[in-house]
Each structure stands twice: as C-alpha cells, then as structure tokens.
Amino acid sequence: MPAPQFTSVTARAVVLDAADVDTDQIIPARFLKTTTKDGLAAGLFADWRGRPGFPLDEPSAAGAQILIAGVNFGCGSSREHAAWALAAWGFRAVIAPSFADIFRGNALGQGLVPAAIEPAAHAKLMTVVRDAPDTRVTVDLERLEVRWMCGPEADAVCRAAFAVDPFARRQLLEGVDELGYLLKLDDRITAYEGVSR
Amino acid sequence: MTARTLFGKVWDAHVVAQEPAGPAVLYVDLHLVHEVTSPQAFAELRARGLRVRRPDRTFATMDHSIPTVKNPLAVADASAAAQLRQLVVNCEEFGVPLWGAGDPRQGIVHVVGPEQGLTHPGMTIVCGDSHTSTHGAFGALAFGIGTSQVGHVLATQCLVARRPRTLAVEVDGALGPGVTAKDLILAIIAALGAGGGTGYVLEYRGAAIRALGMEARMTLCNMSIEAGARAGLIAPDDVTFGYLAGKPHAPAGAAWDAAVDRWRGLATDDGARFEHAVRIDASALAPMVTWGTTPAQACAVDGPVPDPATAGGADERAAATRALDYMKVEAGKPLAGKPVDVVFIGSCTNSRLSDLEAAAKIFAGRKVAAGVRALVVPGSQEIKRAAEAAGLDRVFTAAGAEWREPGCSMCIAMNGDALTPGQLAVSTSNRNFEGRQGQGGRTVLASPLTAAASAIAGAIADPRPYLEAR
C-alpha cells in the first residue's frame, strides 16, 4: 500500500456530540471477522445508524469529510478497523477535544488526521456546523490549525490550533512509509540484537 | 545515577534508535498474535516480499472468533472459519508457532502467554489487542497496537513509539472479604475516568498490590486501558518469580538464577519521580459493579447509582444520562436486586483458575436461578484441565451453569456466544460498551464472586452474604 499523504482538507463536517465514543461503536466486533480491509464502511457506526436523528444518516452528511466528536474519541479496543472504516466512509479528519492513544496512532497511520482542539473552540465549532451544516471546515496539517467561517463577513475566520506528533506530521506531509523507515534501520536492529539478545 | 521508575528502566533498555525530540524505535521482545488483528498485517508482508524477522519471538493463538465448543472449526460461521483458517495459513507460511484449535496450549492470548512462561519481567510485549496491558503484572512493558504496527513488528521486531508519562497508583490498606482485584481496578478506573490515564503508563504500587497473587495482578493490569492508559505495570517480586518458575518457556537452571538477579533490579528506585500520582485505600472498597456504558461508570454494589446531575462537566452529565437510559438503570438506587438474564464468567480479565475457584465457592451446593443463563468459559485449555481435575466443572454444571471450551467468547461476542437485544448480563469481562456482548445487549461488569452470586440470586447481588453463609 502506498504511504498515506495529507496536507490539508476543506470540506463539510458532521457533528457527533458524544463523549467517550468507543471503537465498538465505531465498528462493532461482528464486522471484524474479515481478513481484508474491504467493505468496512458498511460497519461504520452500524448499531447507531438508523436511530432517529443519528447525524451520519442525515442528508447533509453525504460528502462530509470531517467528523466532529466529543472527548476521548476512539477509546477501547486497538482495532485499526475503526480508522479504516472512518476512512472508507470518506472521512479524512476527526476533530475532538481529545483522543484515545491507540486510536490516534492508528488514525495517523491511515492518513486520517486526529485534530485535538481546545474545548471552547470545539464547542463553538459544533454550534456553527449545527446551525449551518454547509459550513466548510478546514483541517490544515501544515499550519496545525482548524479553520472555519464564523460570521457573515468574508474575513470572519475562526481558528483553533492543534498538535500532532512532529514525526507523524512530517511523515504525512511527505508521504513517508513508516514500515519503510523501520526497514532502513536494519543494521541498527541487528546491532541491538547482537548486544542485548 | 538518576533514580528511575520500573517503566523507565524497561523503556531505556529497548531503545534501538531515538529521533531527536521525536519518537523512539523500540525493540519488541515478545509479539503475540491472534486471528482478528493479524491477517491484513501478514498480507502486507506478503505484498512487500518480507519475512517475519523473529518467528522465535512471535507466538499465535486462536481466541477471539473461535467457538467455545468441541471441534470449533466445524461449527464456526463462514467468516470466522475463514479467519481462523487464514491464521493457520499465515503461521505456516511465515514460520510462526501457532497454538490453534485442538492444541493443548490454546487459549486467550493474555492467558496463555503468562501460563506458558513466555511473559518475563523487563520485557517489551505487544499484541494487536488493547488488553495486552495484562502482561504488565510481571513488570513487563506491554501494550496493544493496531494492525499496521503488527506488520511493522512482524517485519522488523520494532515499532515507532513516543515515550509516555508515568502515573503512580498507590494502593494502601487491604481488600476486605469478598472484595477482589476486579473490584479494585473498577474503583481505580472510576477514580481516573475513562480517559484519565491517556498518555500515561500506570505503575500499581503499595501494600495492597504486594499482597495480590499473580492472577489477581493480571486482572488489575488487564484493565489499565479502560482508564485510557496503554500499559500498567507492577514491580516483579517473589510472587512473580514463584509463578514463573518451572513454566515451559521460563529460563531454567543457571539462566533462571541470573534472570531473577536481573529482574530484582527492575523495581522503581527510591526517589524516582512519577509525573502524576493517585492514592486509593483498598480497605474502604466494596464489591463494585458498573452502571453505565464505560468501565469508569462504576459504583459499589450496595451503594446508590450516582445522579448524573452530580457529574463533573456538561459532557459527563450528558454521557451519564445517555448511559442510564441505555442500561435502563435508575440513579439514586443500588444496582443490587436488578434482574439479570445472563451471567458470563470468563475473558482475559477473569478466566484463570483462581477466578473459577472463586466462582465455584459461590456456586457449590446452589442452583442458578430459573431463567438465567450462566456460562463459565475457562481462559485456556490448561485452565480447563486444571479446573476439571479439581472438580470445578462438576460444581458449575451441577448448579446449572454451562462449562465451555476456552476463548474470548461473550466478552466480544464474535464467536456465536452473544446477548440478544435487551438482555442484561453480569460479566467478569472488561468492557460494558453498548452492544459489546451482542447487539442491543446490556453489560454490568463485576468480579467472579459477584457474577456467581448474581447467577444464583437471578438479580445483581452482593457476594458477601453468600460467602458468609459458608
């Protein structure tokens, strides 16, 4: 698989206003009985789809590429299928006040950017997108900021900074393949094995 | 020399390379593999023409999707069967040892690793499973990884990792009768919150921890991830060495003595600094149960379910209200007395021999309440044999409980063992997320004692009166 690359995405967003969204909700375990990465979009939030008012079912969600969710998004299991399913559905970034560790790593590896922004900015962004689902939201990995129009004036741009591990950021901006990076360290791994094991 | 923590010593000893101000390349001593999170990783190796670098440091077992009946492969549904078969093919092609269906060593990955003596103090251990933290009970740095990283470790025995911060969980006092390691970890998670350990490695310390046996320590470390911490460690001591001695993959002879000398040096040095610390009084704890849909939403079995209005922030209040609604639980009242449909005793948290012995203490001479389905699922073939030799299986079946073959079973409900919509289960497993044990199912997490007492009562029950009656 070619290494994922990401600079910036500007798109409509979906608001999923829930804290502690765990990976069993993102993709229930019964969808993990697979040996490939194919078809996982069908499992995305499978048990929440069809519930009255579930945001991903709304017509306005079609074509959205950014998910805005609550604190501790992606907690629970290590299943990378959660990141694969979000990416397969069409998401390129998730914005939340915080992320679970394993999910954040899995997402970055897929080129799905986890943008953790301050709770105050997050609340403001949710309100704006809820009121105007057509709002274009930008997740900019180069500048490490989330931007959106927050007023009628052409220059009414709101911004919220986010942090991404610099190494992971460089990999995504440059399309570096992490396994390739590790394979190039073969001599050092062999040297380590010689000394320590 | 600077005083170092247990975590710091293990981490420092495994750094192969360090990016300036960035992550480390960490060497992995032991890589455990199962059928669900590995197929895409093996496929990646195949696509790139790579081999498994250290098949001698890699072990595979079947646990997540394997039916918990005799001849599991004959009854597995088509997709589970294909996944199990793919693991056989992958292990053969890449030379990885596999403890598959029918092997006397087969079982849940975090049960069989320690049981076979693969897990040693001071090791780095990874697996495509978040409950890999279990192995931290031995003073190993053990954590779950995604499938891409499973591929990285298969191919290079290394992964890219950022150094986490350290959090000391100091547990003083002593657990009271009927209060177990499971109750302790549920109390710790409730104190930290579902995301409170994010970015940290926990070290469990103090008198109450030292007093725990190895299996109880595994229960404790197992659920570190439920507070958001990828790993939880306990310093190795004579309890650890006593458990490991003589295990098939433990060092033997002079190598054993040398290893124990080395392992004794792993404990956190006096004066070493943790970035954060919490303190828990074990003697103040009662048996715990979860009332919500994260493991952090827990309370004493005899205490009132907290009112969402008293929860900290708006987010927490909303989450608590949503959880109570899903669970059909009323705030302000104890959970004890709430009718149950299913009791599940098993999982990488609580399926070891001491867990089954605890449950059997309650089941002995009693009957599972009418209308309740009780499943007892041992964590491994070895535990199953030991339990049967001790007559525990007959205690369970005489009480009316099902005695199953080893696997993850109803903890993750991938293998055919599942709740039906609306059913309420008391489970010794680790996650009470919505639908975790089956679509629409509701889960109350508890200790094996509480689970067994609830099976007898037909409702959520405090196990202590059942123990006193003995």
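See the structure shown above.
A brief look at the structure comes next. Residue positions within a chain follow its written sequence, with the count starting from 1. The order in which chains are written sets their letters, starting at A; the order in which ligands are written sets their numbers, starting at 1. Residues qualify for local features only when their pLDDT is at least 70, as the model is predicted, and side-chain atom pairs are given and counted only at 80 or more; totals for whole chains, interfaces and linings, by contrast, use all residues. Values reported for side chains reflect all heavy atoms of the structure, with hydrogen atoms and water molecules removed beforehand.

Looking now at the pairing of strand 6 (residues 137-140) of chain A. Every other side chain in a regular strand lies on the same face of the sheet, so the side chains alternate between the two faces. Residues and elements named next belong to chain A. With burial as the criterion, each face of strand 6 is covered, one bearing Val137 and Val139 and the other bearing Thr138 and Asp140. Pairing between two strands requires that DSSP report at least two bridges joining them. Numbered from the N terminus, helices here are DSSP runs of H or I no shorter than four residues, and strands are runs of E no shorter than two. Bridge count between strand 1 (residues 8-11) and strand 6: 4 bridges; the pairing is antiparallel. If you follow Val9 over to strand 6, its bridge partner there is Val139. As paired elements, strand 6 and strand 7 (residues 145-149) share 4 bridges and run antiparallel to each other. Bridge pairing in strand 7 places Thr138 opposite Arg147. Counted between consecutive antiparallel strands, the loop separating strand 6 from strand 7 contains 4 residues, among which Leu144 sits at a positive phi close to 55 degrees. Burial classes follow relative accessibility: with a 1.4 Å probe on protein chains only, a residue under 20% of its type's maximum area counts as buried, one over 50% as exposed, and anything between as partly exposed.

Attention now goes to the interface of chain B and chain A. The contact definition used throughout considers only heavy atoms, calling two residues in contact when any of these lie within 4.5 Å. On the chain A side, the residues contacting the 61 residues of chain B number 51 residues. Carbon and sulfur atoms supply 54% of the area that chain B and chain A bury against each other, a total of about 4,700 Å² over both sides. A pairing counts as a salt bridge when a side-chain nitrogen of Lys or Arg comes within 4 Å of a carboxyl oxygen of Asp or Glu. In this assembly, chain B and chain A are joined by 8 salt bridges. Residue Asp177(A) pairs with Arg48(B) through a salt bridge whose shortest N-O separation is 2.8 Å. Here a polar contact is taken to be a pair of N or O atoms separated by no more than 3.5 Å, where protein atoms must pair a possible hydrogen donor with a possible acceptor and residues adjacent in sequence count only if both atoms sit in side chains. Between the two partners, chain B and chain A, sit 26 residue pairs in polar contact (both at pLDDT 80 or more). Going through the elements one at a time, strand 1 (15-18), strand 2 (24-27), helix 2 (39-48), helix 4 (78-94), helix 6 (147-156), strand 8 (158-161) and helix 12 (314-327) of chain B are the ones with two or more residues in the side of chain B that touches chain A. At 6 residues, helix 6 of chain B tops the list of elements feeding residues into the side of chain B that touches chain A. Basically, the charged four are Asp, Glu, Lys and Arg, the nonpolar ten are Ala, Val, Leu, Ile, Met, Phe, Trp, Tyr, Cys and Pro, and anything else, Gly included, counts as polar. For the side of chain B that touches chain A, the class distribution of residues is 24 nonpolar, 21 polar and 16 charged. Buried area adds together the accessible area that both of two parts lose upon being put together, with accessible area traced by a 1.4 Å probe.

Now for the state of the cysteines. Criterion for a disulfide: a pair of cysteine sulfur atoms at a distance within 2.5 Å. Per the counting criterion, the structure on display carries 1 disulfide over all chains. For the unlinked cysteine Cys299(B), the closest cysteine sulfur is that of Cys75(A), found at 19 Å. Note on Cys411(B): no disulfide assigned, nearest cysteine sulfur contributed by Cys348(B) at a separation of 6.0 Å. Accessibility expressed as a relative area gives 4% for Cys411(B), which makes it buried.

Looking now at the side chain of Gln437(B). Along the chain, Gln437(B) falls in the loop between strand 18 (424-427) and strand 19 (442-445). Residues in contact with Gln437(B), not counting those within four places in the same chain, are Phe344(B), Met410(B), Cys411(B), Ala413(B), Ala418(B), Leu419(B), Ala425(B), Ser427(B), Ser429(B) and Thr443(B).

With that out of the way, let us pick up the sheet that holds strand 10 (residues 200-205) of chain B. Residues and elements named next belong to chain B. Taken together, the 4 strands give an open sheet; going across it, the order is 11-10-9-12, and neighbouring strands pair in parallel fashion. Every interior strand has two partners, whereas the edge strands, strand 11 (231-233) and strand 12 (276-281), have only one. Neighbour-to-neighbour, the strand axes of the sheet open up by a mean angle of 20 degrees, direction not taken into account. Comment: axis = line fitted to C-alpha atoms, over the contacting stretch for helices; angle = value between 0 and 180 degrees taken between N-to-C directions. Most of the contacts of helix 7 (residues 181-192) go to strand 12, to which it runs at about 135 degrees, and overall it touches strand 9 (165-172), strand 10 and strand 12.

This part covers the pattern of salt bridges. Under the defined criterion, the tally for this structure stands at 42 salt bridges over all chains. Arg53(B) is paired through a salt bridge with Glu193(A); the nearest N and O atoms lie 2.9 Å apart. Of this pair, Arg53(B) sits in the loop between helix 2 and strand 4 (58-61) while Glu193(A) sits in helix 7 (residues 186-196), each in a different chain. A relative accessible area of 21% means that Arg53(B) is categorised as partly exposed. Look at Glu193(A) and you get buried, because its relative accessible area is 11%.

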